[in-house]
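Summary of the model geometry
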Amino acid sequence: MIADFFKRLTAAKDAPLDAGDARLALAALLVRVARANDDYTTSEIAKIDVILVRHYPDLDANAAAALRAEAEEIEDTAHDTIKFTRSIKDAVDLEDRMEVVEALWELVLADGERDHEEEGALRLIAPLLGINDRDSALARQRVEAREGAK
């Protein structure tokens, strides 16, 4: 199953990922950033599930948790961040990649602190997804404004 996912991901240069693979790719990136500081907390797990439910309204809490669990397995085996993110870049539209970066910032900022390892992982991932530093910073500002308004 995992090997099949990577085959589809790396073969998807000229065709968009199907909806299931795109969801799994986003979830795996969320897990990768949350694990960047070697402290994968229950609050981060819960935040990933919330992000997945919000981005994919057809998922309920149980389906989001199952998707995240599958993404955790994918992330365990995806040792090469560069290859993984470039494959996503080649297969996912720019607008959707911007949403991915915004979701990643939401996760990094979820506990009200900017963890250096998590932020560093996001700063590596964003350009690999074709998102420049300025657009990533704007995504962070949108998340901060949205979270501050709550």
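Parameters and conventions
Residues numbered from 1 in each chain as written. Predicted model: local features only at pLDDT ≥ 70, side-chain atom pairs only at ≥ 80, totals over all residues. Heavy atoms only, no water. Helix = DSSP H or I, 4+ residues; strand = E, 2+ residues; numbered from the N terminus. Buried < 20%, exposed > 50% of the residue type's maximum accessible area, 1.4 Å probe, protein only. Phe/Tyr/Trp six-rings, centres within 6.5 Å; stacked < 30°, edge-to-face > 60°. Lys NZ or Arg CZ within 6 Å of the ring centre and 35° of its normal. Core = buried A, V, L, I, M, F, W, Y, C linked by side-chain atoms within 4.5 Å. Contact = heavy atoms within 4.5 Å. pLDDT = per-residue confidence, 0-100. Axes fitted to C-alpha atoms, helices over the stretch in contact; angles between N-to-C directions. Parallel < 35°, antiparallel > 145°, perpendicular 65-115°, else oblique. Salt bridge = Lys/Arg side-chain N within 4 Å of Asp/Glu carboxyl O.

It is worth spelling out unusual backbone geometry at this point. At Asp-38, a position not held by glycine, the phi torsion is positive, near 60°. In this structure, Asp-38 sits in the loop between α2 (19-34) and α3 (42-55). Residue classification places Asp-38 among the exposed positions, given a relative accessible area of 75%.

Per the stated rule, a full pass over the model turns up 0 aromatic pairs. The cationic tip of Arg-35 hangs over the ring face of Tyr-40; the distance from NZ or CZ to the ring centre is 5.0 Å. Directly above the ring of Trp-105 sits Arg-140, whose terminal nitrogen or CZ lies 5.8 Å from the centroid.

With 38 residues, the main nonpolar core has Leu-30, Leu-52, Leu-104, Trp-105 and Leu-129 as its most contacted residues. It is α2 that contributes the most residues to this core, 10 residues altogether. With sequence-adjacent residues up to four places away left out, Leu-104 is seen in contact with Leu-29, Leu-30, Val-33, Leu-122 and Ile-125.

A separate point is the confidence of the model for the protein. Per-residue confidence for the protein gives a mean pLDDT of 83; residues scoring 70 or more make up 84%. At the level of individual helices and strands, the protein shows its lowest average pLDDT in helix α1 (residues 2-11), which scores 56, and its highest in helix α4 (residues 61-77), which scores 93.

Two elements in contact, helix α6 (residues 94-108) and helix α7 (residues 116-128), have axes separated by 10 Å at closest approach and are oriented at 175°. Relative to α7, the element α6 lies roughly antiparallel. Here Val-101, Leu-104, Trp-105 and Val-108 of α6 come into contact with α7, specifically with Glu-118, Glu-119, Leu-122, Arg-123, Ile-125 and Ala-126.

A side chain of one charge can pair with a side chain of the opposite charge if their charged atoms are brought near each other. This structure, assessed with the given rule, holds 14 salt bridges. A salt bridge links Arg-146 to Glu-106, with the nearest nitrogen and oxygen atoms 3.9 Å apart. Here the residue Arg-146 occupies a position in helix α8 (residues 133-148), and Glu-106 occupies one in helix α6, the gap between them amounting to 40 residues. A relative accessible area of 33% places Arg-146 in the partly exposed class. Of the charged contacts in the structure, one is a salt bridge between Arg-140 and Glu-144, with a shortest N-O distance of 3.1 Å. Of the two residues, Arg-140 and Glu-144 both sit in helix α8, 4 residues apart, roughly one turn of that helix. Judged by its relative accessible area of 32%, Glu-144 is partly exposed.

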